[in-house]
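Results of the structural survey
So the chains spell out like this:
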Amino acid sequence: MSLWVDKYRPTTLQKLDYHKDQAVHLKKLVQCGDFPHLLVYGPSGAGKKTRIMCLLRELYGAGVEKLRIEHQTFTTPSKKKIEISTIASNYHIEVNPSEAGIQDRVIIQELLKTVAQTNQLDTSTQKDFKVIVLTEVDHLTKDAQHALRRTMEKYMATCRVILCCNSTSKVIPAIRSRCLGIRVAAPSVDEICQILQLTCRKEGLTIPREFAKKIATKSDRNLRRALLMCEACKVQQYPFSEDQAVAQADWEVYLRETANMIGQEQSRKRLVEVRARLYELLTHCIPPEVIMRVLLQELVANCDGQLKSEVTQIAAYYEHRLQMGQKAIYHLEAFVAKFMSIYKRFLEEGLEDLF
Amino acid sequence: MQAFLKGGTSSFASKPSKETASSSGRSQTKKKPTPWVEKYRPRSVNDVAHQDEVVAVLKKSLHGGDLPNLLFYGPPGTGKTSTILAIARDLFGDMFRERILELNASDERGINVIRAKVKNFSQLTASGTRPDGRACPPFRIVILDEGGLHDFSCPDACGHACILQAALRRTMEKGSKTTRFCLICNYVTRIIEPITSRCAKFRFKPIIAAVLKERLEAICKAEGVLCDEKALSEIIKISEGDMRKAITLLQSLARLRGSEEIVLSDIVDISGVVPEDVIDNLIRVCHSDSYDKLDSTVQELMAEGHSAVQLLLQLHDKLVEEDKLGDNQKSVIFEKIAVVDKCLMDGADEYLQMMALCTVIMQQICHADK
Ligand SMILES: Nc1ncnc2c1ncn2[C@@H]1O[C@H](COP(=O)(O)OP(=O)(O)OP(=O)(O)O)[C@@H](O)[C@H]1O
Ligand SMILES: [Mg+2]
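Residue positions are given per chain, counted from 1 along the sequence in the order it is written. The order in which chains are written sets their letters, starting at A; the order in which ligands are written sets their numbers, starting at 1. At least 70 in pLDDT is required for a residue's local features to be given in this predicted model, at least 80 for side-chain atom pairs to be given and counted, and no such filter applies to totals for whole chains, interfaces and linings, which use all residues. In computing side-chain properties, one takes all heavy atoms of the structure into account and sets aside hydrogens as well as water.

**Some points on the sheet that holds strand S5 (residues 130–134) of chain A**
Residues and elements named next belong to chain A. As a reminder of what qualifies: Here a strand pair is declared whenever DSSP counts at least two bridges between the two strands. A helix here means a DSSP run of H or I that spans at least four residues, while a strand means a run of E at least two residues long, and both kinds are numbered starting from the N terminus. Lines fitted to the C-alpha atoms define the axes, with helices restricted to the stretch that makes contact. Angles between their N-to-C directions range from 0 to 180 degrees. Residue contacts are counted whenever heavy atoms from the two residues lie within 4.5 Å of one another.
Sheet architecture is open: 7 strands sit in the order S2-S3-S4-S5-S6-S1-S7, paired in mixed fashion. Looking at which strands have only one partner, the edges of the open sheet turn out to be strand S2 (68–75) and strand S7 (179–183). Each strand of the sheet is rotated relative to its neighbour by a mean of 25 degrees, with strand direction disregarded. Here strand S4 (residues 92–95) runs beside S5; their pairing, made up of 4 bridges, is parallel. Looking at S5, one finds that Val95 is bridged to Leu134. Taken strand by strand, helix H4 (residues 104–116) contacts S2, strand S3 (81–88), S4, S5 and strand S6 (159–165), and its axis lies near 115 degrees from that of S2.

This is how it looks when you write it as structure tokens:
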């Protein structure tokens, strides 16, 4: 039994539920077979991958849906073995090179070269090129991105690259110059609402409009999250009722509690406790930038205007250092300590004003 | 994977030689629908637009039949790779493929492989005549294009890069009768001085609007594309001197419209440019002095998927023109834009950086002296 997110994923451009104009654009774009490399970007859960798969289906027909998952081993120049999984059909291959960490360049080198230099012999498809889908390219090292540059040009006759990422600012300008950018905005709350209702109908369930709206709002316009939440709610209680609680992810609750703890008490002891909790979150693979974002949003709620900007500046400052550094915990902790100190000062000054 | 690679190389161990791959790729381009950037890549140095200095010098060397070591640098899509390939074609005619060795990170691994390749390549004798009997210069060109050059650059993390630069330097010092180097990069500072000083350096300029226009119009004519005057100038504006970007946009728009004329309104959809009213609204929110409004606006921007780099660019353009802001306010804001740009390049979070920038803008607009 598969999850609703997978079960009802649209498979053709025509069936996409939102951004229909864009779907039509994409269809026209690939019809001639001389389309450029693409850089598909947008927030997570906006449906980038679904759209890419629909595009491939448009290009190659149903054959792209016969997918195989394979594990491949690459060897670095220093003879280290890297294992990586790929998803491939006869026409395309999808890889997340950042799985290989800082060795991602080796993957790009080996994979692209091999694929690009292999001509497609299956003439029945009438396509002369294959497609390489690279996901999470915003996590690629600069080295790996440089490795892509000339290859993308040189082998254009035999292969097209579709790059997929959240944030284009991490993609070097030379790569951006080589691609047509396709922005996939997150669906609106209303669109999510409709999709939830539609999905429930397909499952033979009824969902009150208000409740669908509640889930859609809670999902932060992330369609994947909305569908997962909806399915979880169904397991908890069905028939749905409008005032039913929408289950939040455990880590989110935990993170909010942590933010509260910082707001309640500013002391060395509390800092140590908070540190342990941040560690816990990190070991559960919650990305540090997400932690920083949520902490900021929760913490500024109790600050006044001037202080809000100040806290925002330090959050941005420490998150930047975190990306540059090796261990996220140092920088998260530094942020918390800094916040505690300025917040305490703010509270004390407020008290002085009282007397 | 095996099926995916059907018919081609059956394993990673046996790699087809680059020569065969590229030449077979080339012979097929005639039949295949080729993306326009490749189709309209200059074939001869005479076709290279806007880089007059370089072209003049190269043409002179064409007459003399010799070439200095070259260093090309400049922003993407300005003709660096095209120029060296074109000059090779002009010099060597049909045999230009055999006379150039392109090294880039995607092909070669490790210092020894590269070293051996360069050595073998430069030890091959290069005759002074073409197969058809005409004279041609008796040397070969090693092109260190971006990626390959990255190996030669000096990132702190990577020990072998410096060894490579040293090796390259020695080769250049010795001088070679049979090898010329052409280094290509976006930033000249990545390469050590002893190497740059041994090359004739050429800066490739962003391509100016008039030249872009001329090229695009020529392509429109050749492809039978109709493009509205206003739309054309918008494409040019968006491209910011990057000819590759301009051509890619034009082709994509042509595909969208089919046989109909391309008009201005098509462009916003596909260019990645943030719509004007979105920027105006963001600035309006900064005037409101409400952090909460700002927060929800920035969240909205992120959900819409707008690129932060693009936002910075357009905010900058807008605020430069803003009469209501004094010079002091502007300088504080633009300094912050610069900092944020750097942080984004380093991989910082887009939401946090945009919030950091916008709170500064808000602060300056609402509370600072002009
Ligand atoms: N000066 C130019 N004259 C004519 N066409 C150009 C020129 N510059 C760029 N182009 C067009 O743009 C495409 C890309 O140019 P090219 O590969 O030479 O860029 P580049 O300077 O090497 O960029 P990068 O730094 O990204 O490698 C070419 O195929 C050609 O169609
Ligand atoms: Mg180039």
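**Considering the pairing of strand S2 (residues 100–103) of chain B**
Residues and elements named next belong to chain B. Applied cut-off: The buried label goes to any residue with under 20% of its type's maximum accessible area, the exposed label to any with over 50%, and the partly exposed label to all in between, with areas taken from a 1.4 Å probe on protein chains only.
With burial as the criterion, each face of S2 is covered, one bearing Ile100 and Glu102 and the other bearing Leu101 and Leu103. Where S2 meets strand S3 (residues 140–144), 4 bridges bridge the pair, whose relative direction is parallel. Residue pairing for S3: Leu103 is matched across the bridge by Leu144.

**Focus: the sheet that holds strand S1 (residues 70–73) of chain B**
Residues and elements named next belong to chain B. Strands sit in the order S2-S3-S4-S1-S5 across an open sheet of 5 strands; the sheet is parallel. Unpaired on one side and paired on the other, S2 and strand S5 (200–203) mark the two borders of the sheet. Sheet twist, expressed as the mean angle between neighbouring strand axes with direction ignored, is 15 degrees. Strands S1, S2, S3 and strand S4 (179–185) of the sheet are contacted by helix H4 (residues 80–92), whose axis makes an angle of about 170 degrees with S3.

**Observations regarding a positive patch on the surface**
All names here are of chain B. Note the following rule: For patch detection, residues must exceed 30% relative accessible area and be free of salt bridges, and they are connected within 9 Å for like charges or within 5 Å for nonpolar side chains (Val, Leu, Ile, Met, Phe, Trp, Tyr). Exposure was quantified through the Shrake-Rupley algorithm and a 1.4 Å probe, taking into account, for residues, occlusion by the shown protein chains and nothing else. Any Lys or Arg side-chain nitrogen located within 4 Å of an Asp or Glu carboxyl oxygen qualifies as a salt bridge. Asp and Glu are treated as the negative residues and Lys and Arg as the positive ones, with His and the ends of the chain left uncounted. We put the charge of a Lys on NZ, of an Arg on CZ, of an Asp on CG and of a Glu on CD.
Together, Arg115, Lys119, Arg170 and Lys174 line one region of the surface with positive charge. For the positive patch, the elements supplying multiple residues, two or more each, are helix H6 (110–123) and helix H8 (159–174). Relative to the assigned elements, Arg115 resides in helix H6. Its relative accessible area of 38% is what places Arg115 among the partly exposed residues.

**Quick notes on the domain arrangement of chain B**
All names here are of chain B. Applied cut-off: For the purposes of this description, domain bounds are those given by an automatic or database domain assignment. A quick way to say it: buried area is the sum, across both parts, of accessible area lost when two parts are put together, with a 1.4 Å probe.
Segmentation of chain B into domains returns domain 1 (38–203), domain 2 (210–271) and domain 3 (276–366). Counting residues at the interface gives 9 residues for domain 1 and 9 residues for domain 2. Taking both sides of the interface into account, the surface hidden between domain 1 and domain 2 amounts to around 730 Å²; carbon and sulfur atoms contribute 51%. By the criterion of area lost to domain 2, the three top residues of domain 1 are Tyr40, Ala49 and Gly77, representing 62% of everything that side buries. Taken together, the links from domain 1 to domain 2 amount to 1 salt bridge.

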